[in-house]
Amino acid sequence: MTSLPLGRRPLAEFVGTALRVTVVVGSGIAAAALSPGNVGLQLLENSTATALRLAVLILLFGPVSGTHFNPLVSAADWLLGCRAAPACPPPRWPPTPSRRSPVGSPAPSRPTSCST
């Protein structure tokens, strides 16, 4: 996997966050319009629409942004060293079949930086 351009991950975080807000607010408005006066049905419609739309957003933006959809969380992870720098490719996990441990031995540790 090649490394991603530096601006691609923050842009994906920004777009993902904007779409997430749109999904949550829009599904609430749609539920209120579809079922006026029935709060239980509104909650069901809102939660179902939100869950399905968030699944689509995660599948679309996950490979690029890590699916935080919150630029502050991503920046904090990067500053604290919990996440690779934006130019680094994500670590390969689960390990490829050639790196898998034999049955009964401990699993390999998860890589935490680009240097591994």
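For the structure itself, look to the data block above.
These figures come from a predicted structure and were not determined experimentally. For every chain, the first residue of its written sequence is number 1, and the numbers climb from 1 along that sequence. Confidence filtering applies because this is a predicted model: local features only for residues at pLDDT of at least 70, side-chain atom pairs given and counted only at 80 or more, and all residues used for totals across whole chains, interfaces and linings. Here the side-chain values reflect all heavy atoms present in the structure, with hydrogen atoms and water set aside.

Student: Can you tell me about the overall build of the protein, naming the residues and giving the values?
Tutor: Per the convention used, a helix needs a DSSP run of H or I reaching at least four residues, while a strand needs a run of E reaching at least two, with both numbered from the N terminus. Assigned secondary structure in the protein consists of three helices and zero strands. Of the regular secondary structure in the protein, the N- to C-terminal order runs α-α-α. Here the protein, with 116 residues, has 22% of them falling under the buried criterion. The contact rule is simple, with two residues in contact once any of their heavy atoms fall within 4.5 Å. Put simply, of all contacts in the protein between residues at least 6 apart along the chain, 54% involve residues at least 24 apart. Working note: accessible area of the protein is about 8000 Å², and carbon and sulfur atoms make up 70% of it. Partly exposed describes any residue whose relative accessible area lies between the buried limit of under 20% and the exposed limit of over 50%, with all areas from a 1.4 Å probe on protein chains only and scaled to the type maximum. Note on areas: Shrake-Rupley with a 1.4 Å probe; residue coverage comes only from the protein chains shown.

Student: I'd like a description of the nonpolar core, backed by residues and values.
Tutor: Formed by Ala12, Val23, Leu57, Phe61, Val64 and Phe69, the largest nonpolar core amounts to six residues. Per element, the largest residue contribution to this core is three residues, and it comes from helix H2 (residues 39-65). Residue contacts for phenylalanine 69: discarding those within four places in its chain leaves Glu13, Gly16, Thr17, Arg20, Leu57, Ile58 and Phe61. By nonpolar core is meant a set of buried Ala, Val, Leu, Ile, Met, Phe, Trp, Tyr and Cys residues that side-chain atoms within 4.5 Å join together.

Student: Provide a residue-level description of the environment of threonine 17, including the pertinent values.
Tutor: Here threonine 17 is to be found in helix H1 (residues 8-34). C-alpha of threonine 17 to C-alpha of phenylalanine 69: the two residues are 52 residues apart in sequence and 4.8 Å apart in space. Not counting residues within four places of it along the chain, the set of residues in contact with threonine 17 comprises Phe69, Asn70 and Pro71. Residues adjacent in sequence count toward polar contacts only when both atoms are side-chain atoms; beyond that, a polar contact is any pair of N or O atoms within 3.5 Å, and within protein one must be able to donate a hydrogen and the other to accept it. At 2.7 Å, the side chain of threonine 17 forms a polar contact with the backbone oxygen of glutamate 13.

Student: Explain the packing of H1 against H2 residue by residue, including any values.
Tutor: Here H1 crosses H2 at 165°, and the two axes come no closer than 9 Å. Relative to H2, the element H1 is oriented roughly antiparallel. Where H1 crosses over H2, the handedness of that crossing is right-handed. Under the convention adopted here, Pro, Cys and the residues Ala, Val, Leu, Ile, Met, Phe, Trp and Tyr are nonpolar, Asp, Glu, Lys and Arg are charged, and Gly plus all remaining residues are polar. Tallied by class, residues from the contact of H1 with H2 come to 13 nonpolar, seven polar and six charged. Only the contacting stretch of a helix is used when fitting its axis, a line to C-alpha atoms as for every element, and angles between N-to-C directions run 0 to 180 degrees. Any angle between 65 and 115 degrees counts as roughly perpendicular, while under 35 counts as roughly parallel, over 145 as roughly antiparallel, and the rest as oblique. Handedness of a crossing is defined here by the sense of rotation of the near helix relative to the far one, left-handed for an anticlockwise turn of less than a right angle and right-handed for a clockwise turn.

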